[in-house]
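# Coordinate inspection notes
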Amino acid sequence: TNAFNGFVVVLYGLFAAFYASVDWPALRPLVFAIVATMPLFVIPPLLHRVNDYAAILSIGVINGAVLALLAYIVGTAAGIHFFLFAAPAAIVFFGPQHVRIAAFISLCVLILFLLVELHFPSQTSIAPASQVVLRMMRIACVSAVTALIFVAVYFAIRMAENAEAALEREFARSENLL
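Here's a quick rundown of the structure. (Residues numbered from 1 in each chain as written. Predicted model: local features only at pLDDT ≥ 70, side-chain atom pairs only at ≥ 80, totals over all residues. Heavy atoms only, no water.)

## Thoughts on the nonpolar core
Membership of the largest hydrophobic core comes to 47 residues, with the highest contact counts inside it found for Y19, L30, I80 and M137. Where this core is concerned, the elements lending two or more residues are helix 1 (2-37), helix 3 (52-74), helix 5 (99-119) and helix 6 (131-177). With 13 residues, the single largest contributor to this core is helix 1. Residues in contact with L30, not counting those within four places in the same chain, are Y19, L70, I73, V74, I80 and M137. (Core = buried A, V, L, I, M, F, W, Y, C linked by side-chain atoms within 4.5 Å. Buried < 20%, exposed > 50% of the residue type's maximum accessible area, 1.4 Å probe, protein only. Helix = DSSP H or I, 4+ residues; strand = E, 2+ residues; numbered from the N terminus. Contact = heavy atoms within 4.5 Å.)

Here it is as structure tokens:
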């Protein structure tokens, strides 16, 4: 989960830089909000000292709250809340022993996504970006979510292949001993 958190912070930084370069005057509040919320991602690694569940739950709560805040600032037309769809892929990082909490977080994230999509405005006066900029943001967000899910699936497949290869090596070693 620490690697996952580090990846999230890097992604937030990249998106803050992207938004600042696309339309600084309109997206300044969004960029400030992203940068201001990045330190929150230090919390989950610290909560690992308490237990895994506290850390995993904090990752879900922090990401959900931050993404909802960012969607509120810029509006749903930007698609920032689509990052919530990457939550189920996080089970790869949490491990199969945490499937129940991952399922619970996935359900909460789905509910949060629907609330944001159905009740937040598509554009706001807080970060009044043009339709062209919002479309660019939506394309960037959907592309990044697709990449996140791809990486998680690839990581899971690689872990399965490595486990299978280790099992085959161990079987071959056992056969040689007989």
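Once the structure has been displayed, the description carries forward.
## What about the environment of P121?
When you line up the elements, P121 lands in the loop between helix 5 and helix 6. Taking the C-alpha atoms as reference points, P121 and S174, separated by 53 residues in sequence, lie 63 Å from one another. Contact partners of P121, with chain neighbours within four places excluded, come to G75 and T76.

## Some points on empty space enclosed by the protein
Going through the model one piece at a time under the given rule, you end up with one cavity of 30 Å³ or more. What lines the largest cavity is a set of 29 residues, and nearest its centre among them are V8, N63, F83, A86 and L148. Where the lining of the largest cavity is concerned, the elements lending two or more residues are helix 1, helix 3, helix 4 (91-94), helix 5 and helix 6. At eight residues, the largest contribution of residues to the lining of the largest cavity is made by helix 1. (1 Å grid on protein atoms, 1.4 Å probe; cavity = no way out; pocket = protein on both sides within 12 Å on 5 of 7 lines; lining within 4 Å. Points joined across faces, edges and corners; volume = space filled by probe spheres on them.)

## Overview of the side chain of T37
Within the secondary structure, T37 is located in helix 1. Residue classification places T37 among the buried positions, given a relative accessible area of 9%. Residue contacts for T37: discarding those within four places in its chain leaves Y12, V66 and L69.

## A look at the pattern of salt bridges
Applying the stated criterion to the full structure yields two salt bridges. With a closest N to O distance of 3.3 Å, E161 and R158 form a salt bridge. Residue E161 and its partner R158 are located together in helix 6, separated by three residues, close to a single helical turn. Its relative accessible area of 39% is what places E161 among the partly exposed residues. With a relative accessible area of 35%, R158 lands in the partly exposed category. Put simply, R173 and E170 hold a salt bridge, and the shortest N to O gap is 2.9 Å. Of this pair, R173 and E170 are both found in helix 6, three residues apart, which corresponds to roughly one turn of the helix. (Salt bridge = Lys/Arg side-chain N within 4 Å of Asp/Glu carboxyl O.)

## So, the packing of helix 1 against helix 3
The angle between the axes and the distance between the axes are what describe a pair of packed helices. It is at 13 Å that the axes of helix 1 and helix 3 come closest, and there the two elements cross at 10°. With respect to helix 3, the element helix 1 is oriented roughly parallel. Counted together, F4, N5, V8, Y12, L27, P29, L30, A33, I34 and T37 of helix 1 and I59, N63, V66, L67, L69, L70, I73 and V74 of helix 3 form the full contact between these two elements. Per-class residue counts for the contact of helix 1 with helix 3 are 15 nonpolar, three polar and no charged. (Axes fitted to C-alpha atoms, helices over the stretch in contact; angles between N-to-C directions. Parallel < 35°, antiparallel > 145°, perpendicular 65-115°, else oblique. Nonpolar A, V, L, I, M, F, W, Y, C, P; charged D, E, K, R; others polar.)

## What about the packing of helix 3 against helix 5?
Orientation of helix 3 relative to helix 5, taken along the N-to-C sense of each, is 10°, at an axis distance of 11 Å. Regarding the angle of helix 3 to helix 5, the classification is roughly parallel. Between helix 3 and helix 5, the contacting residues are Y53, I56, L57, G60, G64, A68 and A71 on the first element and I101, F104, I105, L112 and V116 on the second. In the contact of helix 3 with helix 5, the residues fall into 10 nonpolar, two polar and no charged.

## Quick word on a nonpolar patch on the surface
Taken together, the side chains of F85, L107, L110, I111, L114, L115 and L118 make up a nonpolar region of the molecular surface, amounting to roughly 660 Å² of accessible area. Positionally, L115 belongs in helix 5. (Patch = residues over 30% accessible without salt bridge, like charges linked within 9 Å, V, L, I, M, F, W, Y side chains within 5 Å. Areas by Shrake-Rupley, 256 points an atom, 1.4 Å probe, with all protein chains shown as cover.)

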